[in-house]
Amino acid sequence: MGERKEIIVEGLDLGRQGLEIGPSHNPVVAKRDGYDVVILDNLSADALRAKYEVDDLDVSLIEEVDYVWHGEPYDELFGGRRFAWIIASHVIEHVPDLIGFLRSCESVLADDGVISLVVPDKRYSFDYFRPISSIAPVIDAFLENRRQPSVGTAVDYYLNVVRRGDKIAWYKGAQGEYESVHSFEEAKTVADAGDPYASFAYFDPHVWCFVPHSFRLLIEDLFQLGYIGVRECGFHETAGTEFYLQLSRMGNGLTMERIAVLERVQYELGDDCYRLPEGFDRQRYLELNPDVAEAQLDPIYHWLTYGAIEGRSFR
């Protein structure tokens, strides 16, 4: 089991039946490996193979799709079935109604179940210059029962997505010049039409953009406001181009003070983000600084904010 998969399935009871949403051509857990997993996607397996064959991807990895989603509520689609775990990798940033998506997941989640999300970090993808998503449009999309990306989202997407060198996703420290992926004319076409689907047959953008702590805070706020009934029960920092968050009804939520989280978001968005000394280890820092561990503070945030100035030990 690779490190990425280990992070995603940590805390999941894989001995029970689970659901993977939108695995596309790259499932996290596969039936062929003996997992009792139900696959939900927006296309059939044959349609997915036809779609990805043109990109020269290994379509043999595509799982047989058990349920093709056409927009109906999950509890209606699954006829009352409940799952011990749900995996959604690079899905939540695409859904037009984020709250509605999480509520649908809740509706088919066992009482002790866990939702494991893999989310792209906008700092290391084509979303680099797009703003992080605040709670305001998330709530508005839910209240409007939105079923497709807004015109504003489409215009923002066509104006501001970039590649770096020849890549649309890159690792920390990557080099290369930024350049626009789309033209201004494409953005104007969408704006003039008032419909992102009017001129483009396929349009599936990242509706939402996050850095790790902006997403953690959004989830906690949505829980505290009563919009969702699940909250954080596990978190892993960005590895490569993505970060990981697990949610459950029994989660403890985000334990950092709100202002500390907001400050951390600013660090993540700033040029000084993750300028850590060589050899910095999160667990070792907590062991050497028990007051930080006792206060349940994030070790990276504490080092960047206080530890370096105070001359704290980190190894």
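Residues numbered from 1 in each chain as written. Predicted model: local features only at pLDDT ≥ 70, side-chain atom pairs only at ≥ 80, totals over all residues. Heavy atoms only, no water.

Draft legend 1. Molecular detail of the sheet that holds strand E5 (residues 109-120). The sheet built from seven strands is open, its strands ordered E3-E2-E1-E4-E5-E9-E8 with mixed pairing. The open sheet has two free edges, formed respectively by strand E3 (67-68) and strand E8 (231-239), since each of these has just one partner strand. Two strands pair when backbone bridges link them, and strand E2 (residues 37-41) and E3 are joined in this way by two bridges, in the parallel orientation. Pairing of aspartate 41 across the sheet is with valine 68, part of E3. (Pairing = 2+ DSSP bridges. Helix = DSSP H or I, 4+ residues; strand = E, 2+ residues; numbered from the N terminus.)

Draft legend 2. Main features of the side chain of serine 133. Within the secondary structure, serine 133 is located in the loop between E5 and helix H5 (135-143). Exposure remark for serine 133: the relative accessible area of 12% places this residue in the buried category. Those residues in contact with serine 133, other than ones at most four positions away along the chain, are Val207, Trp208, Cys209 and Phe210. (Buried < 20%, exposed > 50% of the residue type's maximum accessible area, 1.4 Å probe, protein only. Contact = heavy atoms within 4.5 Å.)

Draft legend 3. Examining the environment of leucine 102 more closely. Mapped onto the elements of the fold, leucine 102 is located in helix H4 (residues 98-107). With 10 residues separating them along the chain, leucine 102 and isoleucine 92 place their C-alpha atoms 8.6 Å apart. Once residues lying within four places of it in the same chain are set aside, the contact partners of leucine 102 are Ile92, Leu117, Ile219, Ile228 and Leu247.

Draft legend 4. Up close: the nonpolar core. By size, the foremost hydrophobic cluster in this structure holds 41 residues, and its most contacted members are Ile21, Leu98, Phe101 and Phe215. Per-element accounting of this core gives the leading share, five residues, to H4. Counting 21 residues, the second largest nonpolar core, distinct from the first, contains Ile7, Ile87, Val114 and Val118. (Core = buried A, V, L, I, M, F, W, Y, C linked by side-chain atoms within 4.5 Å.)

Draft legend 5. Inspection of the pairing of strand E1 (residues 18-21) at higher detail. Side-chain alternation along E1 places Gly18 and Glu20 on one buried face and Leu19 and Ile21 on a second face that is also buried. In terms of strand pairing, E1 meets E2 through four bridges, oriented parallel. In the strand pairing of E2, leucine 19 is matched with valine 38. Taken together, the four bridges between E1 and strand E4 (residues 83-89) define a ladder with parallel strand orientation.

Draft legend 6. The pattern of salt bridges, seen in detail. Here the structure, examined in full by the defined rule, presents 23 salt bridges. When the shortest N-O distance is used, the salt bridge between aspartate 13 and arginine 16 registers 3.8 Å. The residue aspartate 121 makes a salt bridge to arginine 123 at a minimum N-O spacing of 2.5 Å. Residue aspartate 121 shares its accessibility class with arginine 123, and that shared class is buried. Beyond isolated ion pairs, a larger network of salt bridges with shared partners links Glu237, Arg264, Glu268 and Arg282. (Salt bridge = Lys/Arg side-chain N within 4 Å of Asp/Glu carboxyl O.)

Function cannot be inferred from these measures alone, as they are strictly geometric.
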